[in-house]
Amino acid sequence: AQTVTQSQPEMSVQEAETVTLSCTYDTSESDYYLFWYKQPPSRQMILVIRQEAYKQQNATENRFSVNFQKAAKSFSLKISDSQLGDAAMYFCAYRRVRSGGGADGLTFGKGTHLIIQP
Amino acid sequence: DAGITQSPRHKVTETGTPVTLRCHQTENHRYMYWYRQDPGHGLRLIHYSYGVKDTDKGEVSDGYSVSRSKTEDFLLTLESATSSQTSVYFCASQFSDIYNEQFFGPGTRLTVL
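Residues numbered from 1 in each chain as written. Chains lettered and ligands numbered in written order. Predicted model: local features only at pLDDT ≥ 70, side-chain atom pairs only at ≥ 80, totals over all residues. Heavy atoms only, no water.

Contact with chain B, which involves 26 residues of that partner, is made by 22 residues of chain A. Here chain B packs against chain A, burying approximately 1900 Å² in sum over the two surfaces, 45% of which is carbon and sulfur. Of all residues in chain B, the largest losses of buried area upon contact with chain A belong to B:Leu43, B:Asn100 and B:Phe104, amounting jointly to 28% of the total for that side. Taken together, the connections running from chain B to chain A amount to zero salt bridges. Where chain B packs against chain A, one counts six residue pairs in polar contact (both at pLDDT 80 or more). (Contact = heavy atoms within 4.5 Å. Buried area = accessible area lost by both parts, 1.4 Å probe. Salt bridge = Lys/Arg side-chain N within 4 Å of Asp/Glu carboxyl O. Polar contact = N/O pair within 3.5 Å; in protein donor to acceptor, adjacent residues only side chain to side chain.)

Here you go:
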């Protein structure tokens, strides 16, 4: 079974600085998707960024980018120019690609609590 | 947002009572999911559905059942609630297996006394 590990329970960064959140995963599959979700105090789960394993290019969404290292099974999230609104729990998640179609549920890490210092 | 609602949003119940949580989506998404979130565990998959009347178990399915009689509704039932089922429950939906973003509902906080 696949597992997702986030080794940093909490991170703190100064406003306008850059922070990197770590995620590693374990799978025997060769094709899969990886995601970062943000959960602010409102509890709503918000997709930040996603990466298809077959793509070598790292995904980028405005101030958010990932460093995807397939061989190392590592998927870190970099947040540039941190803003107060970035304060939240961040979850790394994995989903395999099923041959023949279908969409399994996501496997989540335990999360990293990101604090933004003004 | 993908138009996913959950009801109730908060519920307090007693051990041994049945509880049903409802998830409703208006986007004609094929896939629907139930997760639970507990401190120190992230979100864990309980059950999911890949079409009307088609469901499968997730990682933590013991003590839960689901039903999906219409595309838009996915029900999660605790036949006899226990204190260990105190949690925040999230519903999610996904349009297809190709368009792979899961959209989440606002969550239901369930307390079993």
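Having seen the model, we can carry on.
Here we come to the environment of A:Asp26. Residues and elements named next belong to chain A. As for its position among the elements, Asp26 is in strand 4 (residues 24-26). Each C-alpha atom of the pair Asp26 and Phe64 lies 23 Å from the other, and the pair is 38 residues apart in sequence. Excluding residues within four positions of it along the chain, Asp26 makes contact with Ala1, Gln2, Thr3 and Lys73. (Helix = DSSP H or I, 4+ residues; strand = E, 2+ residues; numbered from the N terminus.)

Looking now at the side chain of A:Arg43. Its place among the elements puts A:Arg43 in the loop between strand 5 (32-39) and strand 6 (46-52). Put simply, A:Arg43 is tucked away with no salt bridge, and the nearest opposite charge, on B:Asp38, sits 11 Å away. (Buried < 20%, exposed > 50% of the residue type's maximum accessible area, 1.4 Å probe, protein only. Lys, Arg positive; Asp, Glu negative; His and termini not counted.)

Below, the discussion takes up the packing of aromatic side chains. Residue and element names in this part refer to chain A. If you walk through the whole model with that rule in mind, you get 18 aromatic pairs over all chains. Each ring, one from Tyr32 and one from Tyr94, has its centre 5.3 Å from the other, and the planes form 35°; the classification is tilted. Of this pair, Tyr32 sits in strand 5 while Tyr94 is found in strand 10 (residues 88-96), placing the two residues 62 residues apart along the sequence. We note that Tyr32, like Tyr94, is buried. Summarising the aromatic geometry, the rings of Trp36 and Phe75 are spaced 6.3 Å apart at their centres and angled 20° between planes, so their arrangement reads as stacked. Of this pair, Trp36 sits in strand 5 while Phe75 sits in strand 9 (residues 74-79), placing them 39 residues apart in sequence. (Phe/Tyr/Trp six-rings, centres within 6.5 Å; stacked < 30°, edge-to-face > 60°.)

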